[in-house]
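Residues per chain, in single letters:
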Amino acid sequence: MSVTQSVIVPAYKEKLNIKPLTTRLFAALGNEGSKSTELIFVDDNSQDGSVEEVESLQKQGYNVKIIVRTAERGLSSAVLRGFYDAQGDYVICMDADLQHPPESVPRLFDSLRENPFVIGTRYAPGVGIDKDWPLYRRVISSTARMMARPLTVASDPMSGFFGLQKKYLLEAKEDDINKEGFKIALELLAKLPLPNNGEKIGEVPFSFGVRTEGESKLSGKVMIQYLQQLKELYVYKFGANNLILFLLFGFVLVTYVAHQFYSLVF
Ligand SMILES: Nc1nc2c(ncn2[C@@H]2O[C@H](COP(=O)(O)OP(=O)(O)O[C@H]3O[C@H](CO)[C@@H](O)[C@H](O)[C@@H]3O)[C@@H](O)[C@H]2O)c(=O)[nH]1
Ligand SMILES: [Mg+2]
């Protein structure tokens with residue numbers, strides 16, 4: 001049976017998560033689903049034993065591979081690299097750290113049969129973002145989400161759990177896509193030539209889990225990259241509208257100061 005669907009996992013120093021992710025994913029896909037699915041880790045030269053871990057899983061019969069990049073770094077560019085390398089017509093991206101439940105992947109693939117783009121959303125009845133997130137992380141997340149509102153109808157464009165029909169990626173010019181930062185779903189939602197003006201998006205609710213192994217790579221630099229990306233997307237979508245940009249950055253500044261204040265006081 002040929003591969004029709006691909007799961008792409010950007011990974012940096014995630015050795016301890018590779019095996020549980022792989023075994024849970026293929027168990028969730030079942031016998032039939034596993035035959036038509038490949039799993040690709042895109043690792044930025046972690047040198048932590050991730051390669052050996054994947055080789056051991058290959059020997060056990062899993063259709064998994066690892067691309068090790070040495071010249072490039074970053075989450076968004078890793079995801080794109082995986083998407084372009086994927087054999088499947090349907091491609092899904094998820095984090096390595098099990099914050100995205102592998103058991104939800106089949107539902108995302110099902111949705112992709114009907115929709116050009118699918119988002120795993122944390123904003124739906126009955127699910128939620130991690131209850132253990134500190135307040136400042138919640139503030140950052142909801143501020144970031146609010147600022148993306150004018151760019152897409154997706155309820156959770158900040159999600160790193162999403163997928164698309166690959167043909168739409170191939171229709172876009174690779175150079176037009178911003179590869180910096182973490183928010184590749186938003187970038188693709190805003191820039192790919194999706195039908196219905198990008199309004200036909202599948203949404204699959206999921207509960208954002210807790211990372212138990214390794215560390216988050218979210219940093220101040222990633223937040224700055226997000227602001228640069230937002231500015232570029234606003235200009236891309238609405239033209240260089242000074243008022244919008246002014247309001248946007250005023251708001252961001254206030255949030256940033258509030259965040260700093262919170263970290264200092266608490
Ligand atoms: N190859 C590669 N992978 C990376 C890099 N930086 C991070 N990753 C991988 O990208 C995934 C997400 O990184 P985390 O460090 O776990 O991010 P997070 O703070 O938990 O953020 C997540 O939640 C956001 C929602 O609030 C998501 O938007 C974001 O994509 C990510 O999923 C993990 O699998 C991590 O190994 C990098 O430079 N290179
Ligand atoms: Mg994480």
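None of the values given here were measured: they were computed from a predicted structure.

What counts as what
- Residues numbered from 1 in each chain as written.
- Chains lettered and ligands numbered in written order.
- Predicted model: local features only at pLDDT ≥ 70, side-chain atom pairs only at ≥ 80, totals over all residues.
- Near = placed C-beta within 6 Å.
- Helix = DSSP H or I, 4+ residues; strand = E, 2+ residues; numbered from the N terminus.
- Nonpolar A, V, L, I, M, F, W, Y, C, P; charged D, E, K, R; others polar.
- Buried ≥ 20, exposed ≤ 12 C-beta atoms within 10 Å, placed from the backbone.
- Pairing = 2+ DSSP bridges.
- Right-handed = clockwise from strand over helix to strand, strands pointing away.
- Core = buried A, V, L, I, M, F, W, Y, C linked by C-beta atoms within 7 Å.
- Contact = placed C-beta atoms within 7 Å.
- Axes fitted to C-alpha atoms, helices over the stretch in contact; angles between N-to-C directions.
- pLDDT = per-residue confidence, 0-100.
- Expected span 1.5 Å × (residues − 1).
- Arc of directions from axis to C-beta.

*Asks:* Explanation requested: the site of ligand 1 in the structure shown.
*Replies:* Around ligand 1, a shell composed of 24 residues is seen, among which A78, A96, G160, K217 and L218 lie nearest. Among the secondary structure elements, those contributing two or more residues to the shell around ligand 1 are strand 1 (5-11), strand 2 (37-43) and helix 3 (75-85). Class assignment of the residues belonging to the shell around ligand 1 gives a composition of ten nonpolar, six polar and eight charged.

*Asks:* It is not clear to me how the pairing of strand 2 should be interpreted in this structure. Could you clarify?
*Replies:* The side chains of a regular strand alternate between the sheet's two faces. The element strand 2 is largely enclosed, with a buried count of seven among its seven residues. By the alternation rule, side chains of strand 2 split into T37, L39, F41 and D43 and E38, I40 and V42, which are all buried. In this structure, strand 1 lies alongside strand 2, joined through seven bridges in parallel fashion. Of the residues in strand 2, the one forming a bridge with P10 is V42. Tracing the backbone out of strand 1, into helix 1 (residues 15-35) and back to the parallel element strand 2 gives a crossover that is right-handed. Pairing between strand 2 and strand 3 (residues 64-68): five bridges, direction parallel. Along strand 3, the bridge assignment pairs I40 with K65. For the crossover from strand 2 across helix 2 (residues 50-59) to strand 3, the handedness is right-handed.

*Asks:* Whenever I open this one, the nonpolar core confuses me. Can you help?
*Replies:* Most often, soluble globular proteins keep nonpolar side chains buried together rather than apart. The biggest cluster of nonpolar side chains holds 61 residues, and the ones touching the most others in it are I8, V9, F41 and I92. A total of six residues in this core trace back to one element, the largest contributor, which is helix 7 (residues 184-191). Leave out the neighbours within four places in its chain, and I8 touches I40, V42, V79, G82, F83, A86, V91, I92 and C93.

*Asks:* Just to check I follow, could you spell out the environment of L57 for this structure?
*Replies:* Mapped onto the secondary structure, L57 falls in helix 2. Expressed as a C-alpha distance, the spacing of L57 and A148, which sit 91 residues apart in the sequence, is 39 Å. Among all residues touching L57, those that are not within four sequence positions of it are K19, T22, Y62 and V64.

*Asks:* Could you clarify how one ought to interpret the sheet that holds strand 3 in this entry?
*Replies:* Whether parallel or antiparallel, the strands of a sheet pair through hydrogen bonds between backbone atoms. Strand order across the open sheet formed by seven strands is 3-2-1-4-6-5-7, with mixed pairing between neighbours. Edge positions in the sheet fall to strand 3 and strand 7 (201-205), since each has one partner strand and no second. Within this sheet the neighbouring strands show an average axis-to-axis angle of 20°, counted without direction. Of the pairings in the sheet, the one linking strand 1 to strand 4 (residues 90-93) comprises four bridges and is parallel in character. When the sheet's bridge partners are listed, I8 is paired in strand 4 with C93. Packed onto the sheet, helix 3 meets strand 1, strand 2, strand 3 and strand 4 and runs at close to 155° relative to strand 1.

*Asks:* Help me understand the confidence of the model for the protein in this model?
*Replies:* Caution applies to low-pLDDT regions: their predicted coordinates should not be interpreted in detail. Summing up the model confidence of the protein, the mean pLDDT is 89 and the portion of residues at 70 or higher is 89%. The ipTM for the predicted assembly is 0.96, set against a pTM of 0.90.

*Asks:* When you look at unusual backbone geometry in this model, what are you seeing that I'm missing?
*Replies:* Among all residues except glycine, the phi angle is most often negative; among peptide bonds, the trans geometry is most common. Of note, the phi angle at N45 is positive, near 55°, even though the residue is not glycine. N45 sits in the partly exposed class, given 15 other C-beta atoms within 10 Å. The backbone phi angle of Q47 is positive, close to 50°, even though this residue is not glycine. Tracing the backbone shows Q47 in the loop between strand 2 and helix 2.

*Asks:* What exactly am I supposed to notice about helix 8 (residues 220-238) here?
*Replies:* Think of an α-helix as 3.6 residues a turn; residues three or four steps apart then line up on the same face. With 19 residues, helix 8 should reach 27 Å at 1.5 Å per residue; the first-to-last C-alpha distance of 27 Å fits that figure. Among the residues of helix 8, those classed as buried are Y226, Q229, L230, L233 and Y234. Looking straight down helix 8, one finds that the buried residues subtend no more than 140° of arc, so they occupy a single side. Of the residues in helix 8, the exposed ones pointing more than 90 degrees away from the buried face are G220, K221 and Q228. One or two residues past the end of helix 8 sits G239, with phi positive at roughly 80°.

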